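Below are the chains, spelled out letter by letter.
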Amino acid sequence: MENSPPSERRQDLHRQALIEVGIRLQRHFGTAYAEQYLADVNIPELTIQRILSRGELRKPPARGCGYDAPPTAANDEH
């Protein structure tokens, strides 16, 4: 396995974390919301489409999990 420079590994871990957030947002608030978030954090469009299209195969979130509406601009921290 080829070793990547530390800065490249950090970027990949950061991007992976952002994508995981996007997937969770899709589950709770829908694809359009997740797509906007991922675009806002500079994930490439082709990556966004590939990741979010897989979401259709995921189970819907359980009801009563505390996520009833997307965050508002006032409390949106991404």
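Here is what the cut-offs are and how they apply
Residues numbered from 1 in each chain as written. Predicted model: local features only at pLDDT ≥ 70, side-chain atom pairs only at ≥ 80, totals over all residues. Heavy atoms only, no water. Helix = DSSP H or I, 4+ residues; strand = E, 2+ residues; numbered from the N terminus. Contact = heavy atoms within 4.5 Å. Areas by Shrake-Rupley, 256 points an atom, 1.4 Å probe, with all protein chains shown as cover. Buried < 20%, exposed > 50% of the residue type's maximum accessible area, 1.4 Å probe, protein only. Arc of directions from axis to C-beta. Phe/Tyr/Trp six-rings, centres within 6.5 Å; stacked < 30°, edge-to-face > 60°. Axes fitted to C-alpha atoms, helices over the stretch in contact; angles between N-to-C directions. Parallel < 35°, antiparallel > 145°, perpendicular 65-115°, else oblique. Left-handed = near helix turned anticlockwise from the far one by under 90°.

With respect to the overall build of the protein
At step 1: A count of helices and strands for the protein gives three helices and zero strands.
At step 2: Residue pairs in contact within the protein that sit at least 24 positions apart in sequence constitute 54% of those at least 6 positions apart.
At step 3: Summed over its atoms, the accessible surface of the protein is roughly 6,200 Å², and 51% of this surface lies on carbon and sulfur atoms.

Let's talk about helix α3 (residues 45–54)
At step 1: Within the span of α3, buried status applies to T47, I48, I51 and L52. Down the axis of α3, the smallest arc covering the buried residues is 115°, so these residues share one side.
At step 2: Looking at the buried residues of α3, the elements they touch are α1 (6–29) and α2 (31–40).

Looking at the packing of aromatic side chains
At step 1: Enumeration over the complete set of coordinates arrives at one aromatic pair.
At step 2: Ring centres 5.4 Å apart and planes at 70° place the aromatic pair F29 and Y33 in the edge-to-face group.

Side note on unusual backbone geometry
At step 1: Positive phi is not limited to glycine here, since N42 has a value of about 65°.
At step 2: Relative to the helices and strands, N42 resides in the loop between α2 and α3.
At step 3: Residue N42 is classed as exposed on the basis of its relative accessible area of 66%.

Let's talk about the packing of α2 against α3
At step 1: Contact geometry for α2 and α3: axes closest at 10 Å, N-to-C directions at 150°. If you check the angle between α2 and α3, you find them roughly antiparallel. Handedness of the α2/α3 crossing: right-handed. Counted together, T31, A34, E35, L38 and A39 of α2 and E45, I48, Q49 and L52 of α3 form the full contact between these two elements.

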